[in-house]
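# Fold and contact review
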Amino acid sequence: MGHDGRIDGGPRSAIVVGAGIVGLSTAWFLQERGVEVTVVDGCGVATGASWGNAGWVAPALTMPLNSPAVLRYGLRSLRDRSAPLHIPMSADGPMWRFLALFAANCRQSAWDRAVRANVPLNEECLEAFGVLVANGVDAPMTDAPITALFRSALDAERLMREVHCLADAGQSLSVTELSGEALRAQVPLASPAITAAVNVNGQRFVDPGRFVMALGHQVIARGGTLLTHDVADVVSAGHGVVVRSSRGAQLVADSAVIATGAWLSRLAGRRLRVPVGSGRGYSFTVPVDRPLPGPVYLPDVRVACTPYRGGLRVAGTMEFRGPHHPVVDDRVNAIVASASPLLHGVRWEERSDVWVGPRPVTPDGRPLIGELSPHVYVAGGHGMWGLAHGPVTGRLLAEQITTGKQPDVLRPFDPLRRAIA
């Protein structure tokens, strides 16, 4: 693959490092603009956070993590191994540095800034998914409200306040409060402990593994190349880039995109002032006695449940630990213990597909999208919303790469910004 450059000044070729939803979306939209694409990943398609997440495409719920309330909760739960937000006391130096920056960004002003920055991504994310599905990505999207369940109407008011903050920032949304028979009809698995619910309307969900695999197949079918390499370095070189593997192989192209999720700092860290941490999430599948028509959210215990292959995918917890650390059984048991009193008719002991994956988290609640050095771009750090924002990120970044002009909506996500504004 050469890097001669196009007559119009845009790149002819690009290497995308990372075969998750963000990297593959960027590859697909680069192909739409006539760029020859090679995707490189150490393990293959959808092997990171793109596989086991809850599958929500829910723009109305993209709340940044760096809120003052999360900081207060995190400090209270430091010694509680079963808390939904868990920070092991054995965390290493880089993790504690990340956590210190995260704590410094848990201010209302920083949270508000992240909310406002996310609104344009939220407004365009459903359309970007639609473009992919309409052009051959063979994975269904299901329209359904996400129903948040609460023990009391007072508990529901906390979610409503957060939702209204999104609305104040310009996010269009629709919510419906439920109780009594309407609640039971919407969520037949709700236990008697649940007395209030809120439908967040106009959202969608997908089987995330199936969707990302289908996207990968489309990138290949459209002429892309998929290579399995551990990438050691991505550097600017003259009018292009060089991507080196850990075994010494070398690829050259006009441009490169680093989209390696929670591992983003490993390749881009020395050039970044905003580190990317690993906020690990767990999921598993359980059979149910009665099917659910749509996703269910349990905000008080921070658990997301999604209809999945005839059962229910249950996802939860935010665990700040290294991305390669294996499953911690206590974390799975904690999810079951917190969710089981709220949902009946779920066969918790028959769980399968137990999974843990690292979500890429930034201290200031905003992803990193844009040019890092000449011809080298990054896309990552979306936290819990990488699936929802992956396609729109790919579309906007492909525009910047091919035109040389940064879209206005990407300015708050400049990867060279400071970690504390």
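Residues numbered from 1 in each chain as written. Predicted model: local features only at pLDDT ≥ 70, side-chain atom pairs only at ≥ 80, totals over all residues. Heavy atoms only, no water.

Backbone geometry at A46 places phi at a positive 60 degrees, although glycine is not the residue there. Despite not being glycine, R302 has its phi angle at roughly 55 degrees, a positive value. With respect to the helices, strands and loops of the structure, R302 is situated in the loop between β16 (296–298) and β17 (303–308). A residue is classified by how much of its surface remains accessible, and R302, at 35% relative accessible area, is partly exposed. (Helix = DSSP H or I, 4+ residues; strand = E, 2+ residues; numbered from the N terminus. Buried < 20%, exposed > 50% of the residue type's maximum accessible area, 1.4 Å probe, protein only.)

The strands making up a sheet associate through hydrogen bonds between their backbones, and the pairing can be parallel or antiparallel. The strand order across the open sheet built from six strands is β10-β2-β1-β14-β21-β20, with neighbouring strands paired in mixed fashion. Edge positions in the open sheet fall to β10 (225–228) and β20 (368–373), since each of these has one partner strand only. Each strand axis lies, on average, 20 degrees off the axis of its neighbour in the sheet, ignoring direction. Sitting on the sheet, helix α1 (residues 21–32) touches β1 (13–17), β2 (36–41), β14 (255–258) and β21 (376–380), and the angle it makes with β2 is about 170 degrees. Sheet strands touched by helix α11 (residues 386–403): β14, β20 and β21. Its angle to β21, the strand with the most contacts, is close to 170 degrees. (Pairing = 2+ DSSP bridges. Axes fitted to C-alpha atoms, helices over the stretch in contact; angles between N-to-C directions. Contact = heavy atoms within 4.5 Å.)

Read across the sheet, three strands follow the order β11-β12-β13 without closing on themselves; strand pairing throughout is antiparallel. Each having just a single partner strand, β11 (231–237) and β13 (250–253) make up the two edges of the open sheet. For this sheet, the mean inter-axis angle between neighbouring strands, taken without regard to orientation, is 20 degrees.

This part covers the nonpolar core. If you look at soluble globular proteins, the nonpolar side chains tend to sit buried side by side. One finds L24, L30, V39, V57, F211 and V257 to be the most contacted residues of the largest nonpolar core, which totals 45 residues. When near neighbours in sequence (up to four residues on either side) are disregarded, V257 contacts I15, V16, V17, T26, Y377, A379, L397 and I401. Of all hydrophobic cores here, the second largest spans 30 residues; its members include L149, I194, L298 and V328. (Core = buried A, V, L, I, M, F, W, Y, C linked by side-chain atoms within 4.5 Å.)

As a further point, take the side chain of Q218. Take Q218: it is sitting in helix α8 (residues 208–221). The exposure class of Q218 is buried, given its relative accessible area of 17%. Each residue touching Q218, except ones within four places of it in the same chain, is listed here: W28, N135, G136 and V137.

The next point concerns the state of the cysteines. According to the stated counting rule, one finds zero disulfides in the structure shown. No disulfide involves C165; its sulfur sits 15 Å from the nearest other cysteine sulfur, which is in C106. (Disulfide = S-S within 2.5 Å.)

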